[in-house]
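# Structural features, examined
One-letter residues, chain by chain:
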There are 2 protein chains.
Amino acid sequence: MAKTDKRRQIMQAAEKLFAAGRFHEITTDEVARVARVGKGTIYRHFRDKEELFFETATSGFDELCDLLREKVPTGGAFGERLHEACVQITGFVRLRREWFGMRQSQERLLPCMAGGFSKRWLAKRQGLVAAVADILREGVAQKAIRADIPPDVLANFLLGLLRTRERDLADTPAALRKYQVVVDMFCRGAGAAGGHGSPGGKRGRRGRVSGKDSAR
Amino acid sequence: MAKTDKRRQIMQAAEKLFAAGRFHEITTDEVARVARVGKGTIYRHFRDKEELFFETATSGFDELCDLLREKVPTGGAFGERLHEACVQITGFVRLRREWFGMRQSQERLLPCMAGGFSKRWLAKRQGLVAAVADILREGVAQKAIRADIPPDVLANFLLGLLRTRERDLADTPAALRKYQVVVDMFCRGAGAAGGHGSPGGKRGRRGRVSGKDSAR
DNA sequence: AGCACAATACTGACTGGTCAGTACTGTTTC
DNA sequence: GAAACAGTACTGACCAGTCAGTATTGTGCT
């Protein structure tokens with residue numbers, strides 16, 4: 001059995017456990033037991049409990065970034081890309097529910113962590129934001145996404161909306177459909193040149209996010 | 001010194017500390033020290049550390065609800081009410097930054113808590129959501145807010161957007177202005193009868209959130 | 001007022017349990 | 001046979017919660 005297998009086993013167990021309980025409530029003995037691994041093996045792969053936690057909490061970012069870059073390649077209609085990105089993100093969140101829950105619960109705690117963890121964490125998260133922002137940037141270029149808000153801010157909004165929704169949704173069959181609400185909200189809110197009545201708004205035009213349908 | 005003073009001292013210290021570190025990293029000794037109170041006094045006011053934490057983490061919900069009901073009374077133009085609500089919420093968040101940070105960081109941990117904490121927490125949070133939803137409901141009645149998404153879902157979205165923004169913003173003088181982006185996004189996304197190009201969308205009309213400007 | 005006494009609030013040194021991390025032994029794998 | 005491992009016993013730091021003792025406040029009496 002390759003070394004990386006053990007590492008993965010441990011991380012999977014940690015992910016599961018950390019998702020269900022608080023950091024201090026999860027013992028390394030428990031992680032070892034669930035991972036079907038000797039306790040010492042954990043310390044063979046991770047310096048300490050903090051690092052195990054950090055690596056586990058962070059892993060999803062990389063995976064999701066890879067997924068986005070793979071499944072939502074550059075080029076093609078922007079509307080489709082955005083939609084596909086949302087599908088991938090929500091799909092990933094559903095697939096890796098435990099990681100997602102864990103990330104949610106512990107995100108803001110990490111900056112309090114000792115040493116360089118805080119920066120490493122932010123860098124990881126920023127990677128995901130950047131991946132989403134890249135897609136949105138293309139939308140801006142195609143006049144489908146409003147240009148007055150920086151793409152990375154919009155990317156954060158989108159992720160925030162998905163997150164909000166995720167908190168409320170059980171893992172029901174209807175859940176995926178309900179994510180459409182998020183996409184819908186976002187597209188209307190972030191679409192280019194939309195008119196509205198909120199304070200500060202000035203424009204009177206409205207664009208379609210897909211950038212190709214001209215029903216208006 | 002009245003009993004409530006000590007209690008408040010303790011809660012203030014706890015809020016400050018819990019905002020900066022994880023539950024298990026904050027010792028009751030530290031809370032006592034910061035609160036300038038004997039350790040035993042904590043246990044005179046709170047059953048245990050969990051309860052101290054819960055009460056502290058929860059207090060802001062009530063305060064914010066009271067604030068909303070006071071400063072955003074029923075009646076009046078919906079657009080103004082929504083705007084005022086956002087101002088109040090963001091103002092509160094800025095004022096009670098520590099509580100907000102703490103709430104953010106520990107929210108999802110609470111459901112893992114023993115006993116009835118989980119339900120009590122959700123109930124408290126639901127109170128805030130309901131307060132915001134009530135305001136939005138009026139917007140629906142006035143045709144300013146779309147009716148196809150339940151008000152409480154929209155309320156969650158709004159709170160989520162504010163939250164997302166809060167995470168990114170330092171406490172700069174420009175910060176308050178930047179919240180307008182959230183309000184703007186939300187109003188466009190949640191405004192009644194808006195056309196857009198997102199998947200599943202069908203409508204072609206667009207309304208103004210303020211519900212009193214008739215540019216369309 | 002001044003005193004006695006009770007009730008309540010408070011303090012902080014102490015304790016008992018918990019758990020991260022280590023050490024060691026015997027086993028499997030390559 | 002050596003490297004990785006499971007299993008387990010061990011240890012030392014750490015910390016939530018306790019409790020015996022002290023301070024403060026309230027009350028009734030003279």
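Below is a short write-up of the structure. (Residues numbered from 1 in each chain as written. Chains lettered and ligands numbered in written order. Predicted model: local features only at pLDDT ≥ 70, side-chain atom pairs only at ≥ 80, totals over all residues. Heavy atoms only, no water.)

## A look at the packing of aromatic side chains
All names here are of chain A.
- Under the defined criterion, the tally for this structure stands at six aromatic pairs over all chains.
- Here Phe23 and Phe53 contribute two aromatic rings whose centre-to-centre distance is 5.3 Å and whose plane-to-plane angle is 80°, an arrangement assigned as edge-to-face. You can see Phe23 sitting in the loop between α1 (3-20) and α2 (28-35) and its partner Phe53 sitting in helix α4 (residues 49-71), a full 30 residues away along the chain.
- Taking the ring centre of Phe23 as reference, the NZ or CZ of Lys49 above it sits at 4.3 Å. (Phe/Tyr/Trp six-rings, centres within 6.5 Å; stacked < 30°, edge-to-face > 60°. Helix = DSSP H or I, 4+ residues; strand = E, 2+ residues; numbered from the N terminus. Lys NZ or Arg CZ within 6 Å of the ring centre and 35° of its normal.)

## A few points about the pattern of salt bridges
- The final tally for this structure, using the stated rule, is 20 salt bridges over all chains.
- For Arg146 of chain A, the salt bridge goes to Asp184 of chain B, with nearest N and O atoms at 2.2 Å. Pair noted here: Arg146 of chain A is in the loop between α7 (117-141) and α8 (151-168) and Asp184 of chain B is in helix α9 (residues 175-190), and the two residues belong to different chains. Side by side, Arg146 of chain A and Asp184 of chain B carry an identical accessibility label, which is buried.
- Measuring nitrogen to oxygen at the nearest pair gives 3.2 Å for the salt bridge that ties Arg47 of chain B to Glu51 of chain B.
- Given the relative accessible area of 55%, Arg47 of chain B is considered exposed.
- Salt bridges here are not isolated pairs; linked through shared partners, they connect Arg47, Asp48 and Glu51 of chain A. (Salt bridge = Lys/Arg side-chain N within 4 Å of Asp/Glu carboxyl O. Buried < 20%, exposed > 50% of the residue type's maximum accessible area, 1.4 Å probe, protein only.)

## Some remarks on helix α4 (residues 49-71) of chain B
- The end-to-end C-alpha distance of α4 of chain B is 34 Å, a good match for the 33 Å that 23 residues give at a rise of 1.5 Å each.
- At Thr58 of chain B, α4 of chain B shows its largest bend, some 30°. (Expected span 1.5 Å × (residues − 1). Bend = angle between axes of the 7 residues up to and from the residue.)

## So, helix α2 (residues 28-35) of chain B
Residue and element names in this part refer to chain B.
- Among the residues of α2, those classed as buried are Thr28, Val31, Ala32 and Ala35. One face of α2 carries all of its buried residues, which in axial projection span an arc of 100°.
- Trailing α2 by a residue or two, Arg36 shows a phi angle of about 55°, which is positive. (Arc of directions from axis to C-beta.)

## A word on the protein's contact with DNA strand C
- Around DNA strand C lies a shell of 17 residues, among which Lys39 and Tyr43 of chain A together with Lys6, Gly38 and Thr41 of chain B are the nearest.
- At the protein interface, 61% of the atoms of DNA strand C within 4 Å belong to sugar or phosphate.
- Within the side chain of Lys39 of chain A, a nitrogen or oxygen atom sits 2.7 Å from a base nitrogen of DNA strand C.
- Contact between DNA strand C and Arg44 of chain B: a phosphate oxygen at 2.9 Å from a side-chain N or O atom of the residue.
- Elements with a contribution of two residues or more to the surface near DNA strand C: α3 (39-45) of chain A together with α1 (3-20) and α3 (39-45) of chain B.
- Sorting elements by how many residues they give to the surface near DNA strand C places α3 of chain B first, with five residues.
- Considering only residue class, the surface near DNA strand C consists of four nonpolar, six polar and seven charged. (Near = heavy atom within 4 Å. Polar contact = N/O pair within 3.5 Å; in protein donor to acceptor, adjacent residues only side chain to side chain. Nonpolar A, V, L, I, M, F, W, Y, C, P; charged D, E, K, R; others polar.)

## Things to note about unusual backbone geometry
All names here are of chain A.
- Phi is positive for Arg36, which is not a glycine, with a value near 55°.
- Mapped onto the elements, Arg36 comes out in the loop between α2 and α3.
- A relative accessible area of 75% places Arg36 in the exposed class.
- Positive phi, close to 65°, is recorded for Lys143, a residue that is not glycine.
- Along the chain, Lys143 turns up in the loop between α7 and α8.

## Looking at the packing of α4 of chain A against helix α5 (residues 78-95) of chain A
Residue and element names in this part refer to chain A.
- Put simply, α4 and α5 touch, their axes get as near as 10 Å, and they point 150° apart. For the crossing formed where α4 meets α5, the hand is right-handed. Between α4 and α5, the contacting residues are Gly60, Glu63, Leu64, Leu67, Leu68 and Lys71 on the first element and Glu84, Ala85, Gln88, Ile89 and Phe92 on the second.
- Taken together, the residues of the contact of α4 with α5 sort by class into six nonpolar, two polar and three charged. (Axes fitted to C-alpha atoms, helices over the stretch in contact; angles between N-to-C directions. Left-handed = near helix turned anticlockwise from the far one by under 90°. Contact = heavy atoms within 4.5 Å.)

## With respect to the protein's contact with DNA strand D
- The environment of DNA strand D is made up of 15 residues, and the closest members are Lys6, Thr41 and Arg44 of chain A together with Thr28 and Lys39 of chain B.
- The sugar and phosphate moieties of DNA strand D supply 72% of its atoms located within 4 Å of the protein.
- A distance of 3.4 Å is found between a phosphate oxygen of DNA strand D and a backbone nitrogen or oxygen belonging to Arg36 of chain A.
- At 2.9 Å, a backbone N or O of Gly38 of chain A approaches a phosphate oxygen of DNA strand D.
- Among the secondary structure elements, those contributing two or more residues to the surface near DNA strand D are α3 of chain A together with α3 of chain B.
- It is α3 of chain A that provides the largest number of residues to the surface near DNA strand D, a total of three residues.
- For the surface near DNA strand D, the residue count by class is four nonpolar, five polar and six charged.

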